[in-house]
Amino acid sequence: MANKLGNQSNVKAQGNSTGYWARGITCTLWLTMSSESFGEQILYQQLCTMAFRSPMVLLGLFLLCRMLSNVQSAPIKITRETFRECRRGQWAGIPADCCPPKTIDGPIIDFSPPKLNPSKPLRVRKALQCLSGKELRTYTKKLQKGYRLMRALPDTDPRSYARQYGIHCAYATGSFIQDGSNNLTIDVHVGWYFHPWHRAYVYFHEKILQKLLNDTEFSLHYWNYDNTNSLDKNEALHDGGCYKSGLYFPPMYNDPTKATFQWNRSERAFDPKRPADLAFDGTRYNISLGPPSFPDNLTLAQIIWRNNELMHRTFLTWGNSTIAFMGKEYREGDPQALGIANGAGMQEKYSHTSMHCYVGGKMFEPKSAPEDPVFFPFHANLERLWDVWLSLGDDHRNPTSSDWLDGEFLLWDENAVMNRFRVRDFLSAEALGYTYQKANVDSWVNFDTSSPYPES
Ligand code: C2O
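Residues numbered from 1 in each chain as written. Predicted model: local features only at pLDDT ≥ 70, side-chain atom pairs only at ≥ 80, totals over all residues. Heavy atoms only, no water.

Within an unreviewed UniProt entry, the label attached to the chain reads Tyrosinase copper-binding domain-containing protein, and the organism entered is Marchantia polymorpha subsp. ruderalis. According to its UniProt record, the chain has this under Sequence similarities (unreviewed entry): "Belongs to the tyrosinase family." (UniProt positions renumbered as here; feature names shortened; annotations may be inferred.)

Enquirer: Requested: an account of the state of the cysteines, with residues and values cited.
Expert: This structure, assessed with the given rule, holds 3 disulfides. Across a sulfur-sulfur distance of 1.9 Å, Cys86 and Cys99 are joined as a disulfide pair. Here the disulfide of Cys86 and Cys99 is left-handed, its torsion about the S-S bond being about -90°. Here Cys86 is found in the loop between α5 (80-84) and β1 (89-91), whereas its partner Cys99 is found in the loop between β2 (94-96) and β3 (108-110), with 13 residues between them in sequence. For Cys99, a relative accessible area of 25% puts it in the partly exposed group. (Disulfide = S-S within 2.5 Å. Helix = DSSP H or I, 4+ residues; strand = E, 2+ residues; numbered from the N terminus. Buried < 20%, exposed > 50% of the residue type's maximum accessible area, 1.4 Å probe, protein only.)

Enquirer: Give me the lowdown on the environment of Ala74, citing residues and values where you can.
Expert: Relative to the elements of secondary structure, Ala74 occurs in the loop between α4 (55-70) and α5. As a C-alpha pair, Ala74 and Asp406 span 332 residues in sequence and 8.5 Å in three-dimensional space.

Enquirer: Please provide a residue-by-residue account of the pattern of salt bridges, values included.
Expert: Using the criterion set out here, one finds 25 salt bridges in the structure. Taken together, the shared-partner salt bridges in this structure form one network comprising Arg123, Arg125, Arg199, Glu206, Glu383 and Asp387. (Salt bridge = Lys/Arg side-chain N within 4 Å of Asp/Glu carboxyl O.)

Enquirer: Account for the packing of aromatic side chains, naming residues and giving values.
Expert: According to the stated counting rule, one finds 38 aromatic pairs in the structure shown. Ring geometry for Phe111 versus Tyr203: centroids 5.8 Å apart, planes at 90°, classification edge-to-face. Placement of the pair is Phe111 in the loop between β3 and β4 (123-125) and Tyr203 in helix α8 (residues 194-213), with a sequence separation of 92 residues. Each member of the pair, Phe111 as well as Tyr203, carries the same accessibility label: buried. On the numbers, 5.9 Å between centres and 85° between planes, the contact of Tyr201 with Phe375 is edge-to-face. Here Tyr201 is found in helix α8, whereas its partner Phe375 is found in helix α14 (residues 375-390), with 174 residues between them in sequence. Looking at Tyr201, the relative accessible area reads 3%, which means it is buried. If you follow Arg125 out to its NZ or CZ, it ends over the ring of Tyr434, 3.9 Å from the centre. The residue whose ring lies beneath Arg268 is Tyr358, and the NZ or CZ to ring-centre distance is 5.3 Å. (Phe/Tyr/Trp six-rings, centres within 6.5 Å; stacked < 30°, edge-to-face > 60°. Lys NZ or Arg CZ within 6 Å of the ring centre and 35° of its normal.)

Next up, the structure:
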């Protein structure tokens, strides 16, 4: 019976194949374009393929789909309940056991941005490679003291270092599941919450360091790894900007006697003469065999060329639209995107991933990345570059959907109080009380991708 019907509809379809395809394609295009989420688009495409053989079914489907696409979607929200339901997660098959305490003791307050005094200059997060002399010594000392104090806090304190890298792990390994679901895991990576969530994460980390140091002016600095070009010294001083190449691993994180050190890194990070390779291929890294010899065979000029090319392409050609740069839309009801290829924006997918792999060790896996303190100046640069991207073209805009703006997350602040914050609270560094020292981006912004690749 089934066979017979199948044959009949095949005959019918073949008899009018132009109309068949036209209706199918129109339906697919129309529904795909009128729906906002990737998941919906796929669903509609499949329904269309099944139904476009009959005009009546097609009409019914149009109406149904219209109704469905008008159902309000909603942003991801992390709540008390989400914490209560936290469970073991995993990343790339590697298990992760990092749930924070299941019950949040005490109140959850709504995040409010700091009250700023308009006559006081903003705090400046500086480029690490431009610190020198007394300023460098003072800063290094403070930073190391901050981490010493943070590491000394007991694990029962949510501001302790262990609890801070632990919470990143929970947000990165599908340990949290969407409220009311039993299988829709959550990840703040591979999608459009990547930039704002990490800005908030670094923000609270910095606040905690300030509190421990009893210094509200203390700022993290940034590892300006994208800056490939050292310009003339005189020029460097003219506007307070940093015009020195930031290609090398920041030395203050490499003193084995200090709390900013992490022994579990690849040998690349310990070599003061080895430039950061933004096109580093993480797939060549093997946990049991250790780091590949690559890119030993590249010259400095070749690495610089590749870095400039990669930055230029990901920020200015491949990353020229909101979704391309910011990452895939991700809402309540959507499954977690697995694997960077399935929805990470251009910065997250390329230079960000390369650098996690390049530093290696703890930084290699999302589960443990912030166990290496260099995670924080590294991510401070990523967030600075989010602002650089916004300034590079009219099409470079943040998403405007309330599903992004009202995405809601929880993190503990410097007083160990749980804060509920939304994406819209973390759109402007200035509103949060800090700014970034200017650094050279011309070498990759104006890079000519057709220029010849340097010879070895
Ligand atoms: Cu949450 Cu660079 O990762």
